[in-house]
Amino acid sequence: MKKKHSEGIFSLAIIVLISLSLAFVAPRKKPLLYKIRTVVIDPGHGGQDPGTIHPTKKIQEKDIVLPVALELGATIKKYLPEVNVIYTRTTDTFVELYKRAEIANRSNADVFISLHCNAMDIKKDKKKAEVKGLEVFVMGPHANQENLEVAKRENAVILLEDNYKKNYGGFDPNSPQAHIIMTSIQNNYLENSLHLATLIDKQFSERLHRPTRGIKQAGFVVLRRVACTSILVELGYVTNDEEVEYMTDSWNQTLMASAIYRAFRDFKNEVEK
Ligand SMILES: [Zn+2]
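Overview of the structure.

Reading the values: rules and limits
Residues numbered from 1 in each chain as written. Predicted model: local features only at pLDDT ≥ 70, side-chain atom pairs only at ≥ 80, totals over all residues. Buried ≥ 20, exposed ≤ 12 C-beta atoms within 10 Å, placed from the backbone. Helix = DSSP H or I, 4+ residues; strand = E, 2+ residues; numbered from the N terminus. Right-handed = clockwise from strand over helix to strand, strands pointing away. Pairing = 2+ DSSP bridges. Axes fitted to C-alpha atoms, helices over the stretch in contact; angles between N-to-C directions. Contact = placed C-beta atoms within 7 Å. Parallel < 35°, antiparallel > 145°, perpendicular 65-115°, else oblique. Left-handed = near helix turned anticlockwise from the far one by under 90°. Nonpolar A, V, L, I, M, F, W, Y, C, P; charged D, E, K, R; others polar.

## Thoughts on the pairing of strand S1 (residues 38-43)
Consideration 1: Of all six residues in S1, five are buried, a share of seventy percent or more.
Consideration 2: What joins S1 to strand S2 (residues 84-87) is helix H2 (residues 61-79), and the crossover it makes is right-handed.
Consideration 3: Sheet topology places S1 next to strand S3 (residues 111-118); five bridges connect them, and they run parallel. When the bridges of S3 are listed, Asp42 appears paired with Ser114.

## Some thoughts on the sheet that holds strand S4 (residues 134-139)
Consideration 1: Read from one edge to the other, the open sheet built from six strands follows the order S2-S1-S3-S6-S4-S5, with strand pairing classed as mixed. Of all strands in the sheet, those bounded by a partner on one side alone are S2 and strand S5 (212-218). Within this sheet the neighbouring strands show an average axis-to-axis angle of 20 degrees, counted without direction.
Consideration 2: Summarising the sheet, S4 and S5 pair through five bridges and their orientation is parallel. Along S5, the bridge assignment pairs Phe137 with Lys216.
Consideration 3: Each of S3, S4, S5 and strand S6 (229-237) touches helix H7 (residues 190-207); the most contacted strand, S4, lies at about 175 degrees to it.

## Some words on the packing of H7 against helix H10 (residues 250-271)
Consideration 1: Direction vectors running N to C along H7 and H10 enclose 140 degrees, while the axes themselves pass 8 Å from each other. Taken together, H7 and H10 sit at an angle that is classed as oblique. Crossing hand, H7 versus H10: right-handed. Of the residues in H10, those in contact with Asn192, His195, Leu196, Leu199, Ile200, Gln203, Phe204 and Arg207 of H7 are Ala259, Ile260, Arg262, Ala263, Asp266, Phe267 and Val271.
Consideration 2: Partitioning the contact of H7 with H10 into residue classes produces nine nonpolar, three polar and three charged.

## Topic: unusual backbone geometry
Consideration 1: Even without glycine at this site, His45 takes up a positive phi of about 65 degrees.
Consideration 2: Position of His45 relative to the elements: it lies in the loop between S1 and H2.
Consideration 3: Phi is positive for Asn108, which is not a glycine, with a value near 50 degrees.
Consideration 4: With respect to the helices and strands, the residue Asn108 is situated in the loop between helix H3 (97-106) and S3.

## Some remarks on the environment of Gln217
Consideration 1: Note on placement: Gln217 falls in strand S5.
Consideration 2: Measuring from C-alpha to C-alpha, the distance between Gln217 and Phe137 comes to 5.3 Å, with 80 residues separating the pair along the chain.
Consideration 3: Leaving out residues up to four positions away in the same chain, Gln217 has contacts with Phe137, Val138, Gly140, Pro141, His142, Ala143 and Asn147.

Encoded structure:
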C-alpha cells in the first residue's frame, strides 16, 4: 500500500514536471489583439543564393526583393515611427534560413514578412511562362503539388548552408515526406497571419490592379520557427516576361512596397483596437 502511495506521488511529480517544462517550451498563444512594436522584414536569398533567375534576361530574385524590402522598411519608419524595423539583410549577403528566424525571435518580432519571387518550370512546359500574379503564403500543410513545389524551391537554399542537417534536425528539402511531417509553432499565429495575407492580396488586386493567385499554405523552413504573425510574399513570377519587367522597375518596386505597407498599417490598426 505504502509502495503504491509513493508510486502515485512519483507519477504526479513527473506529470507536474512535464507540464511545467511544456509551459516553458510551448510558445504562448498571442491573443488576436496585441500591440505591434517590432516588424522583421526578410528579403529572401542573397549573396551566393540568387533565388530564381529569368532564363534569358538573367534577372535574379534576390535583386528584386531587396529594394522592395528596404522601401517597405523606410515607409514603415516614416509613417509609423513607433514601430521598430529590423531587416534580416540590407545588402547582397547570404543569410541562412534558421538565422532569419533567429533574428525574428531574438528581437521579439510581432510581425515577420518574408519577400520572394516565384517561378514556373518553363523548360518542361513553355505555356507556364504565362503564369503570373502575387501569392501570399502562410505556414501550414500544402493543399496541392504546386504549393509544395514553391516550398521545396524556397527551402532548397539550405543545401548551400554548412551543417544544414544539424541546423534543421535532419530535414531533407528534397523529400516531400519531410514537408508533410514538418511541425511548426506557426499554428499559434495562423489566424493573424491569414488576416495579414488577405490584406496584402487585397492591396495588390484592388489598389495596384495586379493579378493575384490567392492566399496559400505550405511548409516553409524560414517561417517554421518564427514565433509571431508571419507571411511569405511571392511578389510575382520571374518566369513571366511582363511580370519580371514590372518587378524590376524601381517605381513599381515603390508601389509594391507601399501596398504591403498599407496592408501592414491596416493590420496593425485592427489588432491594436
Ligand atoms: Zn525565394
